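Spelled out from the first residue to the last, the chains are:
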Amino acid sequence: MRFTVFALGSLGGREFGFFRDLDLLFVYDGEEGSDGQRAVSCSQWCAKLAQQLMWALSVPLPEGRCYEVDARLRPSGNQGPLVVKKTSFARYHEDQSAIWERQSMLRLR
């Protein structure tokens, strides 16, 4: 299994500064299923990992939050899953993505 975190927005464009949020996109590639005693699918495991990562980056400290994390730039926005399978992500950008989404991917590249 592979789990990738894409930094979009100002962080992905290397223009990150103070008081900016982290625009993150989580993509995984792997077979569904589990080898362990408790059956956990690859997508479930990656979703938990993404949630923990978002929590760790936005933990409140005495000085304030570390970062504001924004994961709404995924293909389905807030209505879709937090993590996206690589094949679904590629298919979305081939067929349905808006021009600004393609521009953000080019900027990330």
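See the structure printed just above.
Here we summarise the structure given alongside this text. A quick note: this is a predicted structure, and the numbers were derived from the prediction, not measured. (Residues numbered from 1 in each chain as written. Predicted model: local features only at pLDDT ≥ 70, side-chain atom pairs only at ≥ 80, totals over all residues. Heavy atoms only, no water.)

With respect to the overall build of the protein
Reasoning step 1: Within the protein one finds four helices and six strands.
Reasoning step 2: Shown N-terminal to C-terminal, the secondary structure of the protein runs as helices and strands in the order β-α-β-α-β-β-β-β-α-α.
Reasoning step 3: Sorting the 109 residues of the protein into buried and exposed places 33% on the buried side.
Reasoning step 4: Within the protein, contacts between residues at least 6 apart in sequence are counted, and of these 55% link residues at least 24 apart.
Reasoning step 5: Split by element, the accessible area of the protein, about 7,800 Å² in all, is 52% carbon and sulfur. (Helix = DSSP H or I, 4+ residues; strand = E, 2+ residues; numbered from the N terminus. Buried < 20%, exposed > 50% of the residue type's maximum accessible area, 1.4 Å probe, protein only. Contact = heavy atoms within 4.5 Å. Areas by Shrake-Rupley, 256 points an atom, 1.4 Å probe, with all protein chains shown as cover.)

Brief notes about the nonpolar core
Reasoning step 1: With 13 residues, the main nonpolar core has L24, F26, M54, L82 and V83 as its most contacted residues.
Reasoning step 2: Counting only elements with at least two residues in this core, the list comes to β2 (22-29) and α2 (42-57).
Reasoning step 3: Ignoring sequence-local partners within four residues, the contact set of V83 consists of F3, F26, Y28, S43, C46, A47 and A50.
Reasoning step 4: Counting six residues, the second-largest nonpolar core is a separate cluster that includes L8, L25, V84 and F89. (Core = buried A, V, L, I, M, F, W, Y, C linked by side-chain atoms within 4.5 Å.)

Concerning the packing of aromatic side chains
Reasoning step 1: Scanning the model with the defined rule gives two aromatic pairs in all.
Reasoning step 2: Ring geometry for F3 against F26: centres 5.9 Å apart, planes inclined by 15°, an arrangement best described as stacked. Here the residue F3 occupies a position in strand β1 (residues 2-8), and F26 occupies one in strand β2, the gap between them amounting to 23 residues.
Reasoning step 3: Between the aromatic rings of F6 and F89, the centroid separation amounts to 6.1 Å while the plane-to-plane angle is 15°, which identifies the pairing as stacked. Taken together, the residues span a long stretch of sequence, with F6 in strand β1 and F89 in helix α3 (residues 86-95) at a distance of 83 residues.
Reasoning step 4: A relative accessible area of 12% means that F89 is categorised as buried. (Phe/Tyr/Trp six-rings, centres within 6.5 Å; stacked < 30°, edge-to-face > 60°.)

Topic: α2
Reasoning step 1: Taking 1.5 Å as the rise per residue, α2 with 16 residues should run 22 Å; its terminal C-alpha atoms sit 23 Å apart, in good agreement.
Reasoning step 2: Within the span of α2, buried status applies to C42, C46, A50 and M54. Along α2, the residues classed as buried sweep out an arc of 100° about the axis, all on the same side. For α2, the exposed residues set more than 90 degrees away from the buried face come down to K48, Q52 and W55. (Expected span 1.5 Å × (residues − 1). Arc of directions from axis to C-beta.)

A few points about the state of the cysteines
Reasoning step 1: All chains considered together, the criterion is met by zero disulfides.
Reasoning step 2: Free of any disulfide, C42 has its nearest neighbouring cysteine sulfur in C46, separated by 4.3 Å. (Disulfide = S-S within 2.5 Å.)

Brief notes about a nonpolar patch on the surface
Reasoning step 1: A contiguous nonpolar patch, built from M1, W45 and L49 and spanning about 310 Å² of accessible area, is present on the exposed surface.
Reasoning step 2: As for its position among the elements, W45 is in helix α2.
Reasoning step 3: Overall, the relative accessible area of 44% leaves W45 in the partly exposed class. (Patch = residues over 30% accessible without salt bridge, like charges linked within 9 Å, V, L, I, M, F, W, Y side chains within 5 Å. Salt bridge = Lys/Arg side-chain N within 4 Å of Asp/Glu carboxyl O.)

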